[in-house]
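Report on the structure
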Amino acid sequence: MSTADVAHILVVEDEEHLASGIRYNLQAEGYRVTAVGDGPSALEILSSRDTVQLVVLDLMLPGMSGYAVCETMRAEGSDVPVLILSARTLAEDRTRGFDVGADQYMTKPFDLDEFLSRVKNLLARSARRVPEMIVETTEFGEARVDFTTFEVTVAGEPVHLTQLEMKLLAHFVAHARRVIPRDELLREVWDLPGNLNTRAPDQFVHRLRKIFEPDPSTPQYFVTIRDAGYRFVPEGQTE
């Protein structure tokens, strides 16, 4: 297998012993790994020609936080998957991580098998990008979405969605008006076991609401169905 065929993972972690352990285990799985200890170095690598397929990102970095790294990546149009690996365990930390564009969030200490499984799934999803769109474009409210070009506008203004946000939106559009359980979203959008204990679907629905809802606190399009899941209502729920 050539170097070009091996997935390149960027590990951004300032604790050398932890970065070395992560690099060792990823290399043992056959991945090519670059490890850096600060945000600016990470962004420099991401802007170079040395393609990165996944970023494993700590939050508490010297000088520039992991939040700022991820936010800068997304602002510059990067859709490289980001797995946050952090000692921060509060709900607001997870929420902020997803708000700046992270794909998944794991807390330290972490289970190695689960970590490697998430890495594998993120890389597989990145390779597929948004698969087999049932519809090419959709409009609802003041939004227009083109799934073939990744162009999104709200009230005529361009909006950037990450690859994972587009995939989640595509799943909602393809199953409009149907109640979609959280375990289905984990399986079909995140490529994860449906029984995994994570609030990622809830955080990403919250993100879609902030982008598309006139009043995110009273959603019309992305509606919570208590104890059941979510429903996408393209014409808007008026009740």
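That block above? That's the structure.
Residues numbered from 1 in each chain as written. Predicted model: local features only at pLDDT ≥ 70, side-chain atom pairs only at ≥ 80, totals over all residues. Heavy atoms only, no water.

**Details of the packing of aromatic side chains**
If you walk through the whole model with that rule in mind, you get nine aromatic pairs. Their ring planes at 80° and their centres at 5.1 Å tell us that F140 and F232 sit as a pair that is edge-to-face. With F140 in strand β6 (residues 137-140) and F232 in strand β11 (residues 229-232), this residue pair connects regions lying 92 residues apart in the sequence. Taking the ring centre of Y67 as reference, the NZ or CZ of R96 above it sits at 3.9 Å. (Phe/Tyr/Trp six-rings, centres within 6.5 Å; stacked < 30°, edge-to-face > 60°. Helix = DSSP H or I, 4+ residues; strand = E, 2+ residues; numbered from the N terminus. Lys NZ or Arg CZ within 6 Å of the ring centre and 35° of its normal.)

**A closer look at the pattern of salt bridges**
When the charged atoms of two side chains with opposite charge come close together, those side chains can pair. One pass over the full model with this rule turns up 12 salt bridges. The salt bridge involving R118 is made with E114; its shortest N-O contact spans 2.6 Å. Of the two residues, R118 and E114 are both situated in helix α5 (residues 112-128); the distance of four residues between them amounts to about one turn of the helix. Assessed through its relative accessible area of 6%, R118 is described here as buried. In this structure, the salt-bridge partner of R178 is E184, at a minimum N-O distance of 2.7 Å. Take R178: its relative accessible area is 33%, and that puts it in the partly exposed class. The exposure class assigned to E184 is buried, which follows from its relative accessible area of 11%. Linked by salt bridges that have partners in common, E13, D58 and K108 make up one network. (Salt bridge = Lys/Arg side-chain N within 4 Å of Asp/Glu carboxyl O. Buried < 20%, exposed > 50% of the residue type's maximum accessible area, 1.4 Å probe, protein only.)

**Here we look at helix α2 (residues 39-46)**
Along an α-helix, residues three or four apart share an orientation, since each turn contains 3.6 residues. Among all positions of α2, only G39, A42, L43 and I45 are buried. For α2, the angular spread of buried residues about the axis comes to 160°, placing them on one side. Those residues of α2 hidden inside the fold are in contact with β1 (8-12), β2 (32-36) and α3 (66-75). The residue sitting at the N-terminus of α2 and contributing the capping side-chain oxygen is D38; that oxygen lies 2.9 Å from the backbone nitrogen of S41. (Arc of directions from axis to C-beta. Contact = heavy atoms within 4.5 Å. Polar contact = N/O pair within 3.5 Å; in protein donor to acceptor, adjacent residues only side chain to side chain.)

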